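What follows is the residue order along each chain.
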Amino acid sequence: MPLVSTKYLVTTAYQNQFAVGAFNVGNSEFVKNIIGVAEELEAPVILEIHPLEYELMGSAIFKYIREAALTATVPVAIHLDHGRNMADVLRAIQDQANSVMIDSSGHPFDDNLKITKEVVEVAHSVGVSVEAELGSIGNRKFTEDQNMGRIYTDPESAKEFVQETGVDDLAVAIGTVHGPYPSGENDIRIDILKRLNEALHMPLVLHGGSDNPDSKIREAIQNGIAKVNISTDIKVPFYHGIAKTVSDKPGDYEPWVMTPFADEEQRKVIAEKIRLFGSDHKLRVYLEHPEQLRPFL
């Protein structure tokens, strides 16, 4: 199956009230596990790479993902997660990502708008879709007293931002945080999400999707979330699986001994998330319009 446009994946999901899982790729094992489970469940999937993962693995990881995507039996897109600047974006485009995120949400509104608009102009000129962020997703480094760094997305500001920049989807800050919640609690503001959905009528993205109650995720998907980013929830079981195997078999060192249990644990979580997002067995939705299964906008 050809590499598929992220814009088409998430727009179709939005129209049919399910979400596409966007899983961060930590190494080549992750690629194998994510695509393998997606094929078993006949689900579209987005493989995304954070700049720090990009720096760790280099451009070769994009080539590896692209080859895996082209031989997959389900729609797959390749996405740059949290691009920090135009340099990150251009590198990903050069390495044939068909979707990029520019995250200038830490800048004042006007600067975020300006930076995002410039990225959209460049990316769209070569058919690459663009995700941006408005507001601030929480982070573990902040304390609860600081609201964990969360600044909720304002619907009116978001409407202006989307109209001015032309972004294809928008990551919204509605109470999630990156990584696990230190307190074990979360605060997904469905009331804010409903207002955003009413104002924008476009696919919205949930960052910090790990470590949230299933009920909240389902409710978010019913109110405009069409892409859910997952990183922590698939990394923890994988690396804990490796650690357990090393502990159980300290004298072994071969990869075929070290990785199978970790793969199995990770695949379980990937399958749970795909079912939770409602994207399992949605291949049929995309095959209804095969002419849309193209790599770019």
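What you see is a predicted model; the values in this text were computed from it and never measured.

What counts, and where the lines are drawn
- In this numbering scheme, every chain counts its residues from 1 along its sequence in written order.
- Note on the predicted model: pLDDT of at least 70 is required for a residue's local features to be given, and 80 or more for side-chain atom pairs to be given and counted; whole-chain, interface and lining totals, by contrast, use all residues.
- Side-chain descriptors were evaluated using all non-hydrogen atoms of the structure, hydrogens and water having been removed beforehand.
- Secondary structure elements are taken from DSSP: a helix is a run of H or I of four residues or more, a strand is a run of E of two residues or more, and numbering for both begins at the N terminus.
- Burial status follows relative accessibility: with a 1.4 Å probe on protein chains alone, a residue under 20% of its type maximum counts as buried, one over 50% as exposed, and anything between as partly exposed.
- Strand pairing is defined by DSSP finding a minimum of two bridges between the two strands.
- Clockwise travel from the first strand over the helix to the second, with the strands pointing away from the viewer, marks a crossover as right-handed.
- Whenever Lys or Arg places a side-chain nitrogen within 4 Å of a carboxyl oxygen from Asp or Glu, that contact is recorded as a salt bridge.
- Whether two residues are in contact is decided by their heavy atoms: any pair within 4.5 Å suffices.
- Convention adopted: a line fitted to C-alpha atoms gives each axis, helices being fitted over their contacting stretch, and angles between N-to-C directions are expressed from 0 to 180 degrees.

1. Topic: unusual backbone geometry
- The phi dihedral of glutamate 42 is positive, around 50°, even though this residue is not glycine.
- Summarising the element assignment, glutamate 42 is placed in the loop between helix H2 (28-40) and strand S2 (45-49).
- Judged by its relative accessible area of 37%, glutamate 42 falls in the partly exposed class.
- For histidine 281, which is not a glycine, the phi torsion comes out positive at approximately 60°.
- Its location among the elements puts histidine 281 in the loop between helix H12 (260-277) and helix H13 (283-287).
- Overall, the relative accessible area of 39% leaves histidine 281 in the partly exposed class.

2. A closer look at the pairing of strand S4 (residues 99-102)
- The alternating pattern of S4 places Ser99 and Met101 on one face and Val100 and Ile102 on the opposite face, and all of these are buried.
- Strand direction decides the pairing type here: strand S3 (residues 76-83) and S4, joined by 3 bridges, are parallel. Along S4, the bridge assignment pairs glycine 83 with isoleucine 102.
- Considered for its hand, the β-α-β crossover made up of S3, helix H5 (residues 86-94) and S4 is right-handed.
- Inspection of the sheet shows S4 paired to strand S5 (residues 129-134) by 4 bridges, in the parallel sense.

3. Regarding the pattern of salt bridges
- Tallying each qualifying case throughout the model produces 15 salt bridges.
- The salt bridge involving lysine 273 is made with aspartate 233; its shortest N-O contact spans 2.9 Å. Of this pair, lysine 273 sits in helix H12 while aspartate 233 sits in helix H10 (residues 232-248), placing them 40 residues apart in sequence. Both residues of the pair, lysine 273 and aspartate 233, belong to the buried class.
- Through salt bridges with shared partners, a single network forms among Glu29, Lys32 and Asp263.

4. Details of the environment of leucine 196
- Within the element layout of this structure, leucine 196 appears in helix H8 (residues 190-200).
- Judged by its relative accessible area of 0%, leucine 196 is buried.
- Non-local contacts of leucine 196, meaning those with residues more than four positions away in its chain, are made with Thr153, Asp154, Pro155, Ala158, Val172, Ile174, His201 and Leu204.

5. Quick look at the sheet that holds S5
- Strand order in the closed barrel made by the 8 strands is S1-S2-S3-S4-S5-S7-S9-S10, with parallel pairing throughout. On average, each strand axis in the sheet is tilted by 25° relative to the strand beside it, whichever way the strands run.
- Alignment of S5 against strand S7 (residues 169-172), held across 4 bridges, turns out to be parallel. Bridge pairing links alanine 132 to leucine 170 in S7.
- Strands in contact with H8 are S7, strand S9 (204-206) and strand S10 (225-230); relative to S9, the strand with the most contacts, it is inclined by about 155°.

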